[in-house]
Amino acid sequence: MNEKIIDGKKISLERKELLKEKIAKLSSKLTLVVISVGDNPASKVYVGQKEKMAQEVGYNFKNLHFDVITTSDLIKEIEELNKDSSITGIIVQLPLPSNIDKDKVLNSVSSLKDVDGLTNNSLLKLVKNEHSLIPCTPKGVMTLLDSYKIDVIGKRIVIVGRSELVGLPLFHLLLHRNATVTLCHSKTKDLKSYTREADILIVAVGKKGLITKDMVKDNAIIIDVGINRVDGKLYGDVDAACIDKASLMTPVPGGVGPMTVISLMENVYEAGK
Ligand code: NAD
């Protein structure tokens, strides 16, 4: 069964070593800033993971934390960071507290420093196939496909989930690579009729086991982006039994997850250039 696994953990570790070598050759250290607001416990964990990885690859890391702040004051802080030439990349850790206008704040990040690739500017460039910083999870998925030499040209690709974070950018990235892409979502009728036709099935919904064996084409390649924590254990959106029918499939954990983090680090390097 192992030869069917798309090993995101292994690929991410290989890329981390390559990145470290490139970073070591730079004349000055790059700096990643993560802005966080409030006391979301999950956010603290994610910021901690980013700090650990940033330091491991050789970046400076700063966490600019505010217990409470207004939208306009937060934007002022971001504008200062935009102007500061010692700062390479800026991340606004989500979720933000409900008093803050998330879109306004995200869009105040300079597209040159937008290492999460979440500003309107970055999304527009991605849609138009212009050079931009690509959101980390879609970038990680594309890297996995490339690492396993999966040719997407002319392939039928079905993406389930249309979020701006994952499904929507992937739709455009794959379209630019000349795949025939269908984007399904919560209002899609008869989801199975689409997924069963997919040469490559990418699922980013957040519902454990949404995709079952009967919904998968023989020899399909399956990329499971979903992360669902149930009783302390992590599950994807795709039932593990689907691997019987698949030719290749990402595990959860150890598939797309590690690729997201390394993609962020690669974006910081890219922004530094
Ligand atoms: P989201 O809630 O923003 O979007 C979910 C999407 O799923 C929506 O487009 C919705 O229309 C669609 N959907 C909901 N129910 C559906 C159904 N029954 N059938 C078809 N489509 C349905 O979520 P998101 O931020 O895109 O994240 C999706 C999943 O991916 C989550 O489990 C999240 O934890 C995970 N995720 C993983 C990584 C990673 O690094 N591996 C990164 C980001 C998100």
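Quantities reported herein were computed from a predicted structural model and do not represent experimental measurements.

Taking 1.5 Å per residue, 12 residues should reach 16 Å; helix α6 (residues 136-147) reaches 16 Å between its end C-alpha atoms and fits that length. Along α6, 10 of the 12 residues are buried, which leaves the element largely enclosed by surrounding structure. Looking only at α6, the buried set comprises Cys-136, Thr-137, Pro-138, Lys-139, Gly-140, Val-141, Met-142, Thr-143, Leu-144 and Leu-145. On its buried face, α6 sits against α1 (8-24), α7 (167-176), β6 (200-203), β7 (221-224) and α9 (256-272). A positive phi of about 50 degrees marks Lys-149, the residue just after α6.

Okay, the sheet that holds strand β3 (residues 89-92) next. Through backbone hydrogen bonds, the strands of a sheet pair up, either in parallel or in antiparallel fashion. Spatial strand order, β2-β1-β3: 3 strands in an open sheet with parallel pairing. Looking at which strands have only one partner, the edges of the open sheet turn out to be β2 (60-66) and β3. Mean inter-strand twist for the sheet, computed between neighbouring axes without regard to direction, equals 20 degrees. As defined by bridge partners, strand β1 (residues 31-37) adjoins β3 across 4 bridges and the pair is classed as parallel. When the bridges of β3 are listed, Ile-35 appears paired with Val-92. Helix-sheet contacts for helix α2 (residues 41-57) involve β1, β2 and β3, and the interaxial angle to β2 is about 160 degrees.

Another aspect to go through is the site of the ligand. Neighbouring residues of the ligand: 21 residues in total, closest Arg-162, Ser-163, Lys-207, Ile-227 and Thr-260. Contact distances for the ligand include 3.0 Å between an oxygen atom and a backbone N or O atom of Ser-186. Ile-227 has a polar backbone atom sitting 3.0 Å from an oxygen atom of the ligand. Notes on the ligand: free accessible area 860 Å², of which the protein chains cover 72%. Per-element tally for the shell around the ligand: the top contributor is α9, with 3 residues. A per-class count over the shell around the ligand returns 10 nonpolar, 9 polar and 2 charged.

How each quantity is defined
Residues numbered from 1 in each chain as written. Predicted model: local features only at pLDDT ≥ 70, side-chain atom pairs only at ≥ 80, totals over all residues. Heavy atoms only, no water. Helix = DSSP H or I, 4+ residues; strand = E, 2+ residues; numbered from the N terminus. Expected span 1.5 Å × (residues − 1). Buried < 20%, exposed > 50% of the residue type's maximum accessible area, 1.4 Å probe, protein only. Contact = heavy atoms within 4.5 Å. Pairing = 2+ DSSP bridges. Axes fitted to C-alpha atoms, helices over the stretch in contact; angles between N-to-C directions. Near = heavy atom within 4 Å. Polar contact = N/O pair within 3.5 Å; in protein donor to acceptor, adjacent residues only side chain to side chain. Areas by Shrake-Rupley, 256 points an atom, 1.4 Å probe, with all protein chains shown as cover. Nonpolar A, V, L, I, M, F, W, Y, C, P; charged D, E, K, R; others polar.

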